[in-house]
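Chain and residue survey
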Amino acid sequence: MANAVTQLPPADPQAALEHFEREFQFETDCWDVHDALASGDPGFVLLDVRSPALFATGHVPGATNLPHGKIIASRMEAYPADTLFVVYCAGTHCNGAARGAVRLARLGRKVKRMDGGVTGWIDEGFDLAVPVPA
């Protein structure tokens, strides 16, 4: 008996392999970002693309706040051309990370999205950094 899962046949294994391997070129997850940051030499710049107000309520330690709407060529000139950026937003319910990734890619920058965003970070049991008020 067919259901919503079995109604369409799955892709053949080779097509599935190509699809899922390709996803890793575009996405990473909170655990891998956490491990990379803990190494002291992550090999990327982590961008929190939410508003400064949301960033101030808590963000991934080591992240730089750059709202996706402010990702412009003149701001990105501060980084070497071969810099890899990892972007995140609030979570899977938010498309801010995708918007930031689009802006970076349009500028010719290498980019990956951290799946889960802040929500995923917390779900993994990792702490957020909260700036001390001045």
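Everything that follows concerns the structure shown earlier in this document.
In this report, the structure presented in the accompanying data block is examined. A quick note: this is a predicted structure, and the numbers were derived from the prediction, not measured. (Residues numbered from 1 in each chain as written. Predicted model: local features only at pLDDT ≥ 70, side-chain atom pairs only at ≥ 80, totals over all residues. Heavy atoms only, no water.)

**Examining the side chain of T83**
You can see T83 is positioned in the loop between α4 (73–76) and β4 (84–88). Classification of T83 as buried rests on a relative accessible area of 11%. Excluding its chain neighbours within four sequence positions, the residues that come into contact with T83 are V45, R109 and K110. (Helix = DSSP H or I, 4+ residues; strand = E, 2+ residues; numbered from the N terminus. Buried < 20%, exposed > 50% of the residue type's maximum accessible area, 1.4 Å probe, protein only. Contact = heavy atoms within 4.5 Å.)

**Looking at the sheet that holds strand β1 (residues 27–29)**
Pairing is parallel across the open sheet formed by five strands, whose spatial order is β1-β5-β4-β2-β3. Lying at the two open borders of the sheet, with one neighbouring strand each, are β1 and β3 (64–65). Where β4 and strand β5 (residues 110–115) come together, four bridges link them in parallel fashion. Counterpart to V86 in the pairing with β5 is K112. Sitting on the sheet, helix α2 (residues 30–38) is in contact with β1, β2 (45–48), β4 and β5, with an inclination near 75° to β1. (Pairing = 2+ DSSP bridges. Axes fitted to C-alpha atoms, helices over the stretch in contact; angles between N-to-C directions.)

**Description of the packing of aromatic side chains**
Taken as a whole, this structure holds three aromatic pairs when the rule is applied. Judged by centre distance (5.1 Å) and plane angle (40°), the ring pair of W31 and F126 falls under tilted. Separated by 95 residues along the polypeptide, W31 in helix α2 and F126 in the segment after α6 (117–123) bring together distant segments of the chain. For the ring pair Y79 and F85, a centre distance of 5.1 Å and an interplane angle of 85° mean the geometry is edge-to-face. By relative accessible area, Y79 is classed as partly exposed at 23%. According to the relative accessible area criterion, F85 is buried, its value standing at 0%. Connected via pairs of aromatic rings, a cluster forms that spans W31, W121 and F126. (Phe/Tyr/Trp six-rings, centres within 6.5 Å; stacked < 30°, edge-to-face > 60°.)

**Overview of the pattern of salt bridges**
Across all of its chains, the model carries three salt bridges by this definition. Where E27 meets R113, a salt bridge forms, and the shortest distance between an N and an O atom there is 2.9 Å. Highlighted residues: E27 in strand β1 and R113 in strand β5, separated in sequence by 86 residues. Look at R113 and you get partly exposed, because its relative accessible area is 28%. When the shortest N-O distance is used, the salt bridge between D48 and R50 registers 2.7 Å. Connected via shared salt-bridge partners are E27, R113 and D115. (Salt bridge = Lys/Arg side-chain N within 4 Å of Asp/Glu carboxyl O.)

**Some remarks on a negative patch on the surface**
A contiguous patch of negative charge, built from D29, D32, D35, D123 and E124, is present on the exposed surface. Tracing the backbone through its elements, the reader meets E124 in the segment after α6. By relative accessible area, which is 39% here, E124 ends up partly exposed. (Patch = residues over 30% accessible without salt bridge, like charges linked within 9 Å, V, L, I, M, F, W, Y side chains within 5 Å. Areas by Shrake-Rupley, 256 points an atom, 1.4 Å probe, with all protein chains shown as cover. Lys, Arg positive; Asp, Glu negative; His and termini not counted. Charge placed at Lys NZ, Arg CZ, Asp CG, Glu CD.)

**Comments concerning the nonpolar core**
Judged by nonpolar contacts, the single largest core of 14 residues is most densely connected at V33, L46, V60, Y88, M114 and W121. Element by element, the count of residues in this core is highest for α2, at three residues. Non-local contacts of M114, meaning those with residues more than four positions away in its chain, are made with T28, D29, C30, V33, V60, V86, V87, Y88 and W121. If you look at the next biggest cluster of nonpolar residues, it comprises 13 residues, including L47, C89, A101 and V111. (Core = buried A, V, L, I, M, F, W, Y, C linked by side-chain atoms within 4.5 Å.)

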